[in-house]
Amino acid sequence: MPSTAADSPIINPTAIEEAFIHVVAALIWRDTDPPQFLIAQRPPGKHLQDYWELPGGKLEANESPWRGLQRELEEEIGIWPTLGEPYLQVYYRYPERNILLDTWWVEEFEGEVEARERQALAWIDYRQIDAYRFPPADRPILDAIRRSDKAETTRPL
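Residues numbered from 1 in each chain as written. Predicted model: local features only at pLDDT ≥ 70, side-chain atom pairs only at ≥ 80, totals over all residues. Heavy atoms only, no water.

### Points about helix α1 (residues 65-77)
A rise of 1.5 Å per residue sets the reference length of α1, with its 13 residues, at 18 Å; its end C-alpha atoms lie 17 Å apart and thus fit the reference within 8%. Inspection of α1 places G68, L69, Q70, R71, E72, L73, E76 and I77 among the buried residues, and these make up the whole buried set. A positive backbone phi angle near 75° is found at G78, which sits one or two residues after α1. (Helix = DSSP H or I, 4+ residues; strand = E, 2+ residues; numbered from the N terminus. Expected span 1.5 Å × (residues − 1). Buried < 20%, exposed > 50% of the residue type's maximum accessible area, 1.4 Å probe, protein only.)

See below:
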């Protein structure tokens, strides 16, 4: 894998030859006008506290990304994804840790969204992204959201 600076994300890496934390995250849309997606605020005391992110979390040992995403979403926001597909992976080196952010587009789920860990939740549309502070690793994902079909349907002609 090519060497990168901490602020240079690698999109959809093919190989990672160093230790990293595998994190899964969900892009969950709701059909509003304009379409909105769910974000959650990181709690105090955690890495990048108070930043906003897509809901999800760390994979456990020997856990598949889809199964880990189901577990994390049930624990954090009370839903169980039933249909989804890989969206985008970002490998990012923070000064204190390396992460692989594995994002999934969750198309269907069971349950109702609720803040089970007392975290702040918000539904936002692509035009509101810059009003929130997101971790650097999330930037390529947010850029992809801005270019997505969901955002395109809300742009003025």
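From this point, the discussion proceeds with the structure in view.
### Structural notes on unusual backbone geometry
Look at the link from D33 to P34: it is a cis peptide, with omega at 5°. Along the chain, the position of P34 falls in the loop between β2 (21-30) and β3 (36-41). Phi angles above zero are rare outside glycine, and N12 is one such case at about 45°. Looking at the secondary structure, you find N12 in the loop between β1 (10-11) and β2. Residue N12 is classed as partly exposed on the basis of its relative accessible area of 42%. Its identity is not glycine, yet D50 carries a phi of approximately 75°, on the positive side. One can find D50 in the loop between β3 and β4 (52-53).

### Details of the pairing of strand β8 (residues 121-124)
Regular strands place side chains that alternate from one sheet face to the opposite one. Along β8, the buried face is formed by A122 and I124; none of L121 and W123, which line the opposite face, is buried. Note: β3 against β8, four bridges, orientation antiparallel. Residue pairing across strands places F37 opposite I124, the latter belonging to β8. (Pairing = 2+ DSSP bridges.)

### Structural notes on the side chain of D138
Of note, D138 is situated in the loop between β8 and α2 (139-146). Although D138 is buried, it forms no salt bridge, and the closest oppositely charged side chain is R139 at an N-O distance of 8.0 Å. Contacts of D138, omitting those with residues within four sequence positions, involve W52, E53, L54 and L101. (Lys, Arg positive; Asp, Glu negative; His and termini not counted. Salt bridge = Lys/Arg side-chain N within 4 Å of Asp/Glu carboxyl O. Contact = heavy atoms within 4.5 Å.)

### Some details on the nonpolar core
By size, the foremost hydrophobic cluster in this structure holds 28 residues, and its most contacted members are F37, I39, I129 and I145. When contributions to this core are tallied by element, the ones reaching two or more residues are β2, β3, β6 (80-93), β7 (98-110), β8 and α2. Non-local contacts of I129, meaning those with residues more than four positions away in its chain, are made with F37, I124, F134, R139, L142, I145 and R146. Listed in part, the eleven residues of the second largest apolar core include L59, L69, I77 and W104. (Core = buried A, V, L, I, M, F, W, Y, C linked by side-chain atoms within 4.5 Å.)

### Topic: the pairing of β3
In terms of residue burial, β3 counts as a mostly covered element, since five of its six residues are buried. Here β2 pairs with β3 via two bridges, running antiparallel. Among the inter-strand pairings, W29 is bridged to a residue of β3, identified as F37. The loop that links β2 with its antiparallel partner β3 comprises five residues. Where β3 meets β4, two bridges bridge the pair, whose relative direction is antiparallel. Within β4, the position partnered with A40 by the bridge is E53.

### Points about the pattern of salt bridges
Applying the stated rule across the entire model yields eleven salt bridges. The partner of R71 in a salt bridge is E75, and the shortest N-O contact between them spans 3.4 Å. With a gap of four residues between them, R71 and E75 both fall in helix α1, about one helical turn apart. You can call R71 buried: its relative accessible area is 10%. Owing to a relative accessible area of 37%, E75 belongs among the partly exposed residues under this scheme. Three or more residues are tied together by salt bridges with common partners; here these are E60, E63, R71, E72 and E75.

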